[in-house]
Amino acid sequence: MLALEHIDLTLQDGSDEVRILNGISLKFEPGKLYVITGPNGGGKTSIAKVISGIYQPARGRIMLDGKEITGWSITERAKQGIRYAFQNPPRFKGIDIGWYLRLAYPEITENHIRSVMAKIGLCPENYLNRVVDSTLSGGEMKRLEIASVLLGPTRVAVLDEPEAGVDLWSFEQLRDFIVHSHQRSEGRITIIISHHERFLEVADEIVVVAGGVVQERGTMEKIRPLIEEGINCRWRNICLGEEA
Amino acid sequence: MLNQIDKNLLKEIAGLHDLPQGAFNIRKNGVGLARQSVEGITITPKTDRPGIDIVVDPGVTGQSVHIPVILTDTGVHDVVYNTFEIGAGADVLIVAGCGIHNEGSEKSQHDGIHEFFIRKGARIRYVEKHYGEGGGTGERVLNPVTILHLEEGATAELEMVQIRGVSNTERKTEVHQGPHSRLIVNERLLTHEQQYAYSDIVVHLEGEQSSAEVQSRSVGQDRSVQIFKVGLIGYGPCKGHVACDSIIMGAADIRSQPELWAKSGDAELTHEASIGKLAGDQIIKLMTFGLTEEEAIRTLLEGYLK
Ligand SMILES: Nc1ncnc2c1ncn2[C@@H]1O[C@H](COP(=O)(O)OP(=O)(O)OP(=O)(O)O)[C@@H](O)[C@H]1O
Ligand SMILES: [Mg+2]
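Residues numbered from 1 in each chain as written. Chains lettered and ligands numbered in written order. Predicted model: local features only at pLDDT ≥ 70, side-chain atom pairs only at ≥ 80, totals over all residues. Heavy atoms only, no water.

### Notes on the coordination of the magnesium ion (ligand 2)
Residues and elements named next belong to chain A.
Next up, step 1: Bound to the magnesium ion (ligand 2) are the protein donor atoms Thr45 (OG1) and Gln87 (OE1), situated 2.0 to 2.1 Å from the metal. Remark: Gln87 occurs in the loop between strand S6 (82-85) and helix H3 (97-104) and Thr45 occurs in helix H1 (residues 44-52); sequence separation between them is 42 residues.
Next up, step 2: Gln87 gets classed as partly exposed once you look at its relative accessible area, which sits at 28%. (Donors = N, O, S within 2.8 Å, 3.2 Å for Na, K, Ca; no water. Helix = DSSP H or I, 4+ residues; strand = E, 2+ residues; numbered from the N terminus. Buried < 20%, exposed > 50% of the residue type's maximum accessible area, 1.4 Å probe, protein only.)

This is the structure:
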């Protein structure tokens, strides 16, 4: 089990301190698939960065299977199987796709790399030797990013807007891959940050984050009215300092 | 004939595990150690000064020439003049390079002056690796001069690499291009500690429809100093592009000076240059793969300089 307990996050914006997350408490159980959704700027990516160790919270604890990991580095968390597919993955000069995926999981076989690439629609014949630089399209980069996380025995997979930039035709294939990979895993926690209905409907639990606070959590049935009402309308009031 | 130090140097600079296939000339501490000509490629020592003449007959293709130089004594200053005559329509790989192993306190220096005449329609791929090692306090210095004359339709692809170990280098490259000739230069350099590297490339795009593409990537670490000058001079209808890209680390000092000079309205010359730190998000991305920060940086540099 992965747990965030009373997480506050502040970041430096020039000389100002800004509060980004406010008392976030969330529990993620093994084998379950979670979707975090909510308006732009609500704090979803920040939660992902707190989980993966990129941001250190100002207050609160992070627990993995009963062990506190709050002070662990990004590297230590990655070695324990916490992996994060970035919303905007960086590009690399001179590193090709094969090398990139082996960096993610050095023990993985060439055959396995090829089969995963085929499943996410990056035909290995054409892509294995492509450099992970700005010549890859946005959607190609995004699919590679997801492959790098789901390739190995990841225990906690955080996927930040996996659908962004992926075309309509590839989307279903990508979604199926993510869902199947989750189902076949041994108790993996999958956390998908998304606004997409097709992810929301397969979630065991949906978490709505806005204004740096968990606003709601529950099943699709519970959350659906909120979505229909328009998450943006409702939480915009919070931003304006009004009560919803 | 080759001891372990020699073999290691040859592996580093020329990827050789033993004497190479094809034509070769191996020079050690200022004297020729082994030489072999093959059909179509003749290597003969010069009679008026140190060095060799390498003649590739017209139309010879698919062959290679290895001419590595190694220095293992301290206090040597080796100057060598090599002349390459690449016959019309030939297509060869030339692997040069110099490795210095200096265990002593005196300076070891190699100045290789290479001149190429690449005849009509001929093509070369020239790979030059520079490498230094050894625990001595003596400097390891390499000052190559490379002059190329490309006749009509000739192509030269140069790969010049120096990764670590060379205390001091001053490199001069001068290219004269005939009509429809093509030049591709890829330079890779990593300096560290107190090393100094100076590179000056001047390309004369004299012939009509000649083209040149110069790409330099470098990494400066610690207190090392790098200076890059790349000049493209267009005399008529021609195309040239220069890209100088540097990563600066530690307290390094890097100067990058691409220069374009058009002597005709038909010359199309462009350049881009950048100097910057390693990107933080790239390091973080690799750390989310389980690499430590040091491993991530090493990997990024390895990719960048590949
Ligand atoms: N380094 C930073 N310095 C200052 N403010 C930041 C920083 N990073 C994020 N923020 C702010 O924190 C808030 C939450 O950002 P976050 O990226 O977590 O939102 P998000 O929910 O992922 O949004 P989106 O749906 O647009 O991806 C935003 O208002 C953002 O501007
Ligand atoms: Mg986000």
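Moving on, there is more to tell.
### Some details on the layout of surface pockets
Next up, step 1: Of the volumes computed, that of the largest pocket is approximately 580 Å³.
Next up, step 2: As for the largest pocket, its lining consists of 27 residues, of which Ile163, Arg188, Glu302, Leu305 and Lys306 of chain B are closest to the centre.
Next up, step 3: Residue assignment for the lining of the largest pocket shows that the elements contributing at least two residues are strand S13 (155-163), strand S15 (182-191), strand S17 (210-220), strand S19 (238-248) and helix H3 (293-304) of chain B.
Next up, step 4: As for the second largest pocket, its lining consists of 15 residues, and the residues nearest its centre are Lys93 of chain A together with Ile247, Leu278, Gln282 and Tyr304 of chain B.
Next up, step 5: Listing elements by their share of the lining of the second largest pocket, those giving two or more residues are S19, strand S21 (267-276) and H3 of chain B.
Next up, step 6: When grouped by side-chain class, the residues that make up the lining of the second largest pocket number eight nonpolar, four polar and three charged. (1 Å grid on protein atoms, 1.4 Å probe; cavity = no way out; pocket = protein on both sides within 12 Å on 5 of 7 lines; lining within 4 Å. Points joined across faces, edges and corners; volume = space filled by probe spheres on them. Nonpolar A, V, L, I, M, F, W, Y, C, P; charged D, E, K, R; others polar.)

### Examining the interface of chain B and chain A
Next up, step 1: Opposite the 19 residues of chain B that make contact, chain A presents 23 residues.
Next up, step 2: A buried area of about 1800 Å², summed over both sides, lies between chain B and chain A, and 67% of it is on carbon and sulfur atoms.
Next up, step 3: For chain B, the biggest contributors to the area lost against chain A are Lys285, Thr288 and Phe289 of chain B; these three give 36% of the whole.
Next up, step 4: At the junction of chain B with chain A, the criterion picks out two salt bridges. (Contact = heavy atoms within 4.5 Å. Buried area = accessible area lost by both parts, 1.4 Å probe. Salt bridge = Lys/Arg side-chain N within 4 Å of Asp/Glu carboxyl O.)

### Quick look at helix H6 (residues 138-150) of chain A
Residues and elements named next belong to chain A.
Next up, step 1: Spanning 13 residues, H6 covers 19 Å between terminal C-alpha atoms, matching the ideal 18 Å at 1.5 Å per step.
Next up, step 2: Of all the 13 residues making up H6, twelve are buried; the element is thus mostly covered by neighbouring parts of the structure.
Next up, step 3: Looking at H6, one finds that the buried residues are Gly139, Glu140, Met141, Lys142, Arg143, Leu144, Glu145, Ile146, Ala147, Ser148, Val149 and Leu150. (Expected span 1.5 Å × (residues − 1).)

So yeah, pure geometry; function would need other evidence.
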